[in-house]
Amino acid sequence: MPASDTPSEGMIAFLRQSRLRILLLSVVLVIPCVWHRHIEAGDLASHVYNAWLAQLIGKGQAPGLYIAKQWNNVLFDVALLQAANLVGIAAAEKMVVSACVLIFFWGVFAFVAAVTERPPWFLTPCIAMLAYGYPFNMGFMNYYLSLGLACFGLAILWRGRGMDWIAGGLIAALAWLAHPIGFLWLLGTLAYVRVRAKTPGWWKLAIPLAAASGFAAVCCYVAHRPALMADWDRGPFYLYNGADQLWLYGERYVALAVTAFIFGFVCVAVDLYARRRDGSSSRAFELPFELYAVTFCAIALIPENLRPPPEGAWIGLLGSRLTAISAIFGLCLLAGIKPRKWHLAGFGICAAVFFAFLYQDTGWLNRLEEHAEELVSKLPPGTRVIVMIEAPADSRMEFVDHAAERACIGHCFSYANYEPSSRQFRVRAREGSPVVTSSADDAQDMASGQYAVQDEDLPIKQIYQCDEKDSTALCIRDLAAGGVNGRIGDARSSR
């Protein structure tokens with residue numbers, strides 16, 4: 001970044017000098033948000049569907065639903081609803097999601113630049129892949145937005161002073177409104193760096209050890225509290241090193257992630273070897289590596305899933321989503337090397353392959369959603385449906401059924417939608433609502449095909465995959481009381 005008295009002044013100077021490059025790159029970055037009719041990103045479709053429910057609540061047309069007041073996990077949903085009220089849901093989805101992508105990308109870019117004191121242009125392919133990585137494709141939009149905002153906050157406060165703290169505080173507040181994890185990461189990282197800077201000599205080693213001990217204590221506490229129902233079921237923890245953010249819709253992404261990780265490792269190794277006689281030059285890697293190692297330790301120790309309130313929904317996929325932070329620190333480490341053309345070429349090839357894969361797989365989801373739209377367009381308004389759609393066996397993306405829920409907008413109610421019953425979002429359900437179940441357990445059973453249909457649920461239909469050769473082909477059927485919704489051949493569950 002250009003030299004200046006404060007980080008904010010340096011950022012303004014950078015924007016002036018690179019405005020054309022920033023504009024062109026931003027246009028390219030949002031192409032995946034418009035290359036299909038719908039943005040396919042897992043839980044995003046549920047957010048869009050619930051924005052429509054929020055509109056109905058405002059009109060008094062969603063009995064049993066209400067808007068709860070809360071101060072976190074809401075920023076994306078509030079922005080989506082406000083935009084939808086102005087330009088319609090379809091346009092609002094593309095506008096708000098595109099804005100989130102740009103916030104995340106340029107937030108990570110700014111943070112890496114603040115750490116290394118130079119803009120990481122040669123890493124733009126890596127940051128672009130991360131911007132469309134695991135959190136985005138899972139549709140964790142509030143979490144995703146909070147990380148982007150936290151990166152901007154860290155970039156401003158990394159060497160901030162004076163008025164920078166006001167700007168950083170405002171961004172931190174927005175990060176909290178988006179999701180607590182981004183806010184806590186911002187505060188934790190700043191505290192870690194500030195304490196480390198004031199700690200002399202070898203005493204600095206005590207800081208990562210203290211952090212690791214703290215995460216170990218959390219692990220021990222949670223493991224000895226059966227009521228939390230915690231589990232660490234996410235496979236070998238060493239696979240979750242940040243490169244796993246590229247592991248999305250199938251095994252071919254694993255090969256790509258491994259290739260990108262090895263190439264990045266080679267880049268660092270070659271650079272260190274080239275300056276092996278300059279001992280002071282390696283110090284630029286110390287802090288990013290330390291932060292990366294501490295984050296890796298945290299991910300290995302924290303649970304993947306837990307359920308603090310028994311009546312609420314699970315807090316899930318914690319470790320899997322937190323590896324995005326590992327990837328950001330990994331990029332800070334990579335940015336410390338001397339940029340070379342072959343670095344940009346290698347990462348550019350990885351990005352081209354990644355986005356080619358992503359275009360193909362999101363195209364499959366678009367076809368599935370189009371088939372769902374054809375089905376529900378023939379239903380009487382207000383029909384209740386349960387959506388039960390499974391992702392391909394080798395896919396890591398779990399929420400493909402939400403695409404069919406988005407198809408319900410204006411036509412039907414997704415009775416199994418998990419957001420209102422989870423009590424983690426603004427739209428919530430009262431017991432007995434005819435629009436959506438108020439039980440988180442029932443919503444989970446419906447989605448997994450283990451729900452026994454009750455008399456009070458009727459009339460209700462189910463959307464399901466009905467062609468072994470074409471997983472995008474969908475059918476719809478009536479459900480009967482006493483049947484289990486996932487048993488297609490059970491005479492009691494279909495007519």
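Below you will find a few notes about this structure. All of these numbers come straight from a predicted model, not from anything done at the bench.

1. Observations concerning the packing of aromatic side chains
Consideration 1: Per the stated rule, a full pass over the model turns up 26 aromatic pairs.
Consideration 2: Between Phe105 and Trp106, the ring centres sit 4.8 Å apart and the planes meet at 85°, which makes this aromatic pair edge-to-face.
Consideration 3: In this structure Phe105 comes out as buried when scored by relative accessible area, which is 0%.
Consideration 4: Taking the relative accessible area as the measure of exposure, Trp106 reaches 11% and is therefore buried.

2. Structural notes on the state of the cysteines
Consideration 1: Scanning the entire structure with this criterion turns up 2 disulfides.
Consideration 2: Each disulfide pairs two cysteine sulfurs, and for Cys408 the partner residue is Cys412, the sulfurs being separated by 1.9 Å. Its S-S torsion of about -95° marks the bond between Cys408 and Cys412 as left-handed, since a negative value means left-handed. Both residues of the pair, Cys408 and Cys412, belong to the buried class.

3. What about the pattern of salt bridges?
Pairing is possible between side chains of opposite charge, provided their charged atoms come close.
Consideration 1: Per the counting criterion, the structure on display carries 10 salt bridges.
Consideration 2: With a closest N to O distance of 3.3 Å, Arg406 and Glu40 form a salt bridge. Taken together, the residues span a long stretch of sequence, with Arg406 in helix 16 (residues 402-407) and Glu40 in the loop between helix 2 (19-29) and helix 3 (44-58) at a distance of 366 residues.
Consideration 3: Note that Glu93 is salt-bridged to Arg406, the shortest N-O span being 2.4 Å. Remark: Arg406 occurs in helix 16 and Glu93 occurs in helix 5 (residues 89-116); sequence separation between them is 313 residues.

4. A look at a nonpolar patch on the surface
Consideration 1: On the surface, Val258, Phe261, Ile262, Phe265, Val266, Val270 and Trp342 cluster together into a nonpolar patch covering about 630 Å² of accessible area.
Consideration 2: Checked against the element boundaries, Phe265 lands in helix 12 (residues 251-274).

5. What about empty space enclosed by the protein?
Consideration 1: Within this structure, the stated rule accounts for 3 cavities of 30 Å³ or more.
Consideration 2: The calculated volume of the largest cavity comes to roughly 100 Å³.
Consideration 3: Taken together, His47, Asn50, Ala51, Ala54, Asp77, Leu80, Leu81, Glu419, Phe425, Arg426 and Val427 make up the lining of the largest cavity.
Consideration 4: For the lining of the largest cavity, the secondary structure elements donating two or more residues are helix 3 and helix 4 (75-87).
Consideration 5: By residue number, the principal contributor to the lining of the largest cavity is helix 3, which donates 4 residues.
Consideration 6: Of the residues belonging to the lining of the largest cavity, the class tally is 6 nonpolar, 2 polar and 3 charged.

Quick notes on the rules
Residues numbered from 1 in each chain as written. Predicted model: local features only at pLDDT ≥ 70, side-chain atom pairs only at ≥ 80, totals over all residues. Heavy atoms only, no water. Phe/Tyr/Trp six-rings, centres within 6.5 Å; stacked < 30°, edge-to-face > 60°. Buried < 20%, exposed > 50% of the residue type's maximum accessible area, 1.4 Å probe, protein only. Disulfide = S-S within 2.5 Å. Salt bridge = Lys/Arg side-chain N within 4 Å of Asp/Glu carboxyl O. Helix = DSSP H or I, 4+ residues; strand = E, 2+ residues; numbered from the N terminus. Patch = residues over 30% accessible without salt bridge, like charges linked within 9 Å, V, L, I, M, F, W, Y side chains within 5 Å. Areas by Shrake-Rupley, 256 points an atom, 1.4 Å probe, with all protein chains shown as cover. 1 Å grid on protein atoms, 1.4 Å probe; cavity = no way out; pocket = protein on both sides within 12 Å on 5 of 7 lines; lining within 4 Å. Points joined across faces, edges and corners; volume = space filled by probe spheres on them. Nonpolar A, V, L, I, M, F, W, Y, C, P; charged D, E, K, R; others polar.

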